[in-house]
Amino acid sequence: MRAVLLLGCSAAALAPQTAPPRRGVAAAAKKKARAAGGFGAKPKPPKRPALGKAAAKLLDELGGDVDAAQAARFDSYMEKLRASDPELFADVARARRCDPAAPARGRDRLLAMTWDTVADYLPVETADAALDARLARVAAFARGRCLDVGCGDGAMVPHLKARAAYCGVDLSARMVSLARRRHPDARFERAGFFEFVAGGEEAAWDTILFVAALQFFPDVDAVLAACAARLAPGGRVVVAHGRGAAFVREERRGNPAVVEALPAVEDLLAAGGFGLVHAEEDLDDFYLVVLERA
Ligand SMILES: C[S@@+](CC[C@H](N)C(=O)[O-])C[C@H]1O[C@@H](n2cnc3c(N)ncnc32)[C@H](O)[C@@H]1O
């Protein structure tokens, strides 16, 4: 798959819960399922929303190349921002250059625009059954009231039984609107994690999930402190990445402006206030660490 200008890396690498489009394979599978028909036919996968008009037009113009369309879409968001808010645009440009003094709002907006762009093209991505099985294992550690940080398009929702007690939060407005369309019975809020928990009540959550999301936070100690302040006694922090820590290190090489390496278990525990419930044996392959508030 072609590398794109989007933060200097492949857009597929930025969408770790989705696989690159394999339309030919998907179409063949559909045909087979239709031919089988009646009893024994596989249930149809959930309907995916169509691409938005502007995203579809770009994709057409670029001959169906999703990476190129994502890169062009990202550039168009940048141009819009330059015109509407030149100061914020300058902060985003600094974050993009990995300027350590770039204001946090520049990094947050860069992340939001990046994920808005990924969300624009998620409807053409296909599901990944192996990854889905790992998400189910992650969900098995969640209980009670769950806050899903960096929820994206709501990939965890089908795996969590008590949807009424679920809330997904994400910086990207487009991810949140996709999540709401896909899972109309679940609650989603567009906000950054720190902003969201600062406005909430103490002991509000039994589980705080970071699925393919913790690598976007430069200060893990601050994240854990914010979690400890908002978790009920005995509450859990579940940190996961279905493609593992090695994948994230690769992602970081392409995107040092916004991606951090996933922490070692000792580093998570060193922050204090949490005991270890579970850590997967090979975190490079499948990162799953479950912590419990002491
Ligand atoms: C790799 S996606 C994962 C989406 C989803 N958890 C999944 O597993 O499919 C990471 C998501 O984290 C969001 N994100 C990054 N930093 C965030 C922050 N500070 N607060 C809230 N969401 C954030 C991004 O907008 C993006 O949608």
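Residues numbered from 1 in each chain as written. Predicted model: local features only at pLDDT ≥ 70, side-chain atom pairs only at ≥ 80, totals over all residues. Heavy atoms only, no water.

An unreviewed UniProt entry lists the protein under the name Methyltransferase type 12 domain-containing protein, with Pelagomonas calceolata given as the organism.

Student: Just to check I follow, could you spell out unusual backbone geometry for this structure?
Tutor: Glycine aside, a negative phi is what most residues show, and trans is what most peptide bonds show. Notably, cysteine 98 is not glycine yet its phi reads approximately 65 degrees, a positive angle. Inspection of the secondary structure assignment puts cysteine 98 in the loop between helix H4 (86-96) and helix H5 (104-121). For alanine 203, which is not a glycine, the phi torsion comes out positive at approximately 55 degrees. (Helix = DSSP H or I, 4+ residues; strand = E, 2+ residues; numbered from the N terminus.)

Student: What am I meant to see in the nonpolar core here?
Tutor: Note that soluble globular proteins tend to have their nonpolar side chains buried in a common cluster. One finds Leu147, Phe193, Phe210, Leu214, Cys227 and Val237 to be the most contacted residues of the largest nonpolar core, which totals 57 residues. Of all the elements, H5 adds the most residues to this core, at seven residues. Shared between two domains, this core takes at least three residues from each, and those domains are domain 1 (51-126) and domain 2 (129-293). Ignoring sequence-local partners within four residues, the contact set of cysteine 227 consists of Phe193, Ile208, Phe210, Val237 and Phe274. Grouped together as the second largest cluster of nonpolar side chains are 22 residues, Leu135, Val138, Ala139 and Ala186 included. (Core = buried A, V, L, I, M, F, W, Y, C linked by side-chain atoms within 4.5 Å. Buried < 20%, exposed > 50% of the residue type's maximum accessible area, 1.4 Å probe, protein only. Domains from an automatic or database assignment. Contact = heavy atoms within 4.5 Å.)

Student: Any chance you could explain the confidence of the model for the protein here in plain terms?
Tutor: For the protein, the mean per-residue pLDDT works out to 84, and 82% of the residues sit at or above 70. Segment residues 1-46 is flagged for pLDDT under 50; beyond a separation of four residues in sequence, or across chains, it makes 77 contacts in the model. (pLDDT = per-residue confidence, 0-100.)

Student: What is the right way to read the packing of H4 against H5 from this model?
Tutor: A pair of packed helices is captured by two measures, namely the crossing angle of their axes and the spacing between those axes. In contact at an axis separation of 7 Å, H4 and H5 are set at 85 degrees when each is read in the N-to-C sense. By the criterion of interaxial angle, the relationship of H4 to H5 is roughly perpendicular. For the pair formed by H4 and H5, the contact residues are Glu87, Leu88, Asp91, Val92, Ala95 and Arg96 on the first element and Arg105, Gly106, Arg107, Arg109, Leu110 and Met113 on the second. Classifying every residue of the contact of H4 with H5 gives five nonpolar, one polar and six charged. (Axes fitted to C-alpha atoms, helices over the stretch in contact; angles between N-to-C directions. Parallel < 35°, antiparallel > 145°, perpendicular 65-115°, else oblique. Nonpolar A, V, L, I, M, F, W, Y, C, P; charged D, E, K, R; others polar.)

Student: Any chance you could explain the pairing of strand S4 (residues 205-211) here in plain terms?
Tutor: Consecutive residues of a regular strand have side chains that alternate between opposite faces of the sheet. Taking burial as the measure, the seven residues of S4 include seven buried ones, the bulk of the element. Sheet topology places S4 next to strand S5 (residues 231-241); six bridges connect them, and they run parallel. Within S5, the residue paired with isoleucine 208 across the bridge is valine 237. Crossover connection from S4 via helix H9 (residues 220-230) to parallel S5: handedness right-handed. (Pairing = 2+ DSSP bridges. Right-handed = clockwise from strand over helix to strand, strands pointing away.)

Student: Any chance you could explain the side chain of arginine 73 here in plain terms?
Tutor: By secondary structure assignment, the location of arginine 73 is in helix H3 (residues 66-84). For arginine 73, a relative accessible area of 10% corresponds to the buried category. Among the polar contacts made by the side chain of arginine 73, one reaches the side chain of aspartate 120 at a distance of 2.8 Å. The contacts of arginine 73, once residues within four sequence positions are left out, are Ala54, Ala55, Leu58, Thr117, Asp120, Tyr121 and Arg174. (Polar contact = N/O pair within 3.5 Å; in protein donor to acceptor, adjacent residues only side chain to side chain.)

Student: Mind showing me how you'd approach the packing of aromatic side chains here?
Tutor: On inspection of all chains with the given rule, the structure shows seven aromatic pairs. Ring geometry for tyrosine 166 and phenylalanine 188: centres 5.7 Å apart, planes at 70 degrees, overall edge-to-face. On the criterion of sequence distance, the pair formed by tyrosine 166 in strand S2 (residues 166-170) and phenylalanine 188 in strand S3 (residues 187-190) is long-range, its members being 22 residues apart. When the centroid spacing of 5.9 Å and the interplanar angle of 90 degrees are considered together, the rings of phenylalanine 210 and phenylalanine 217 count as edge-to-face. Both residues of the pair, phenylalanine 210 and phenylalanine 217, belong to the buried class. A connected cluster of aromatic rings, assembled from ring pairs, spans Phe193, Phe194, Phe210 and Phe217. Directly above the ring of phenylalanine 247 sits arginine 243, whose terminal nitrogen or CZ lies 6.0 Å from the centroid. (Phe/Tyr/Trp six-rings, centres within 6.5 Å; stacked < 30°, edge-to-face > 60°. Lys NZ or Arg CZ within 6 Å of the ring centre and 35° of its normal.)

Student: How do you make sense of the packing of H3 against H5 when you look at a structure like this?
Tutor: Their axes nearest at 9 Å, the elements H3 and H5 cross at an angle of 140 degrees. Compared by their axis directions, H3 and H5 come out oblique. For the pair H3 and H5, the crossing hand works out as right-handed. In contact with Val66, Ala69, Gln70, Arg73, Phe74, Tyr77, Met78 and Leu81 of H3, H5 contributes Arg109, Leu110, Met113, Thr114, Asp116, Thr117, Val118, Asp120 and Tyr121. Considered class by class, the residues forming the contact of H3 with H5 number 10 nonpolar, three polar and four charged. (Left-handed = near helix turned anticlockwise from the far one by under 90°.)

Student: Can you walk me through the pattern of salt bridges in this structure?
Tutor: If the charged atoms of two oppositely charged side chains come close together, the side chains can form a pair. For the structure shown, the criterion picks out 17 salt bridges. Note that arginine 243 and aspartate 128 form a salt bridge whose closest N and O atoms lie 3.5 Å from each other. Pair noted here: arginine 243 is in the loop between S5 and helix H10 (244-254) and aspartate 128 is in the loop between H5 and helix H6 (129-139), with a separation of 115 residues, a long-range link. Arginine 243 sits in the partly exposed class, given a relative accessible area of 25%. A single network of salt bridges, built from pairs that share partners, joins Arg73, Asp120 and Arg174. (Salt bridge = Lys/Arg side-chain N within 4 Å of Asp/Glu carboxyl O.)

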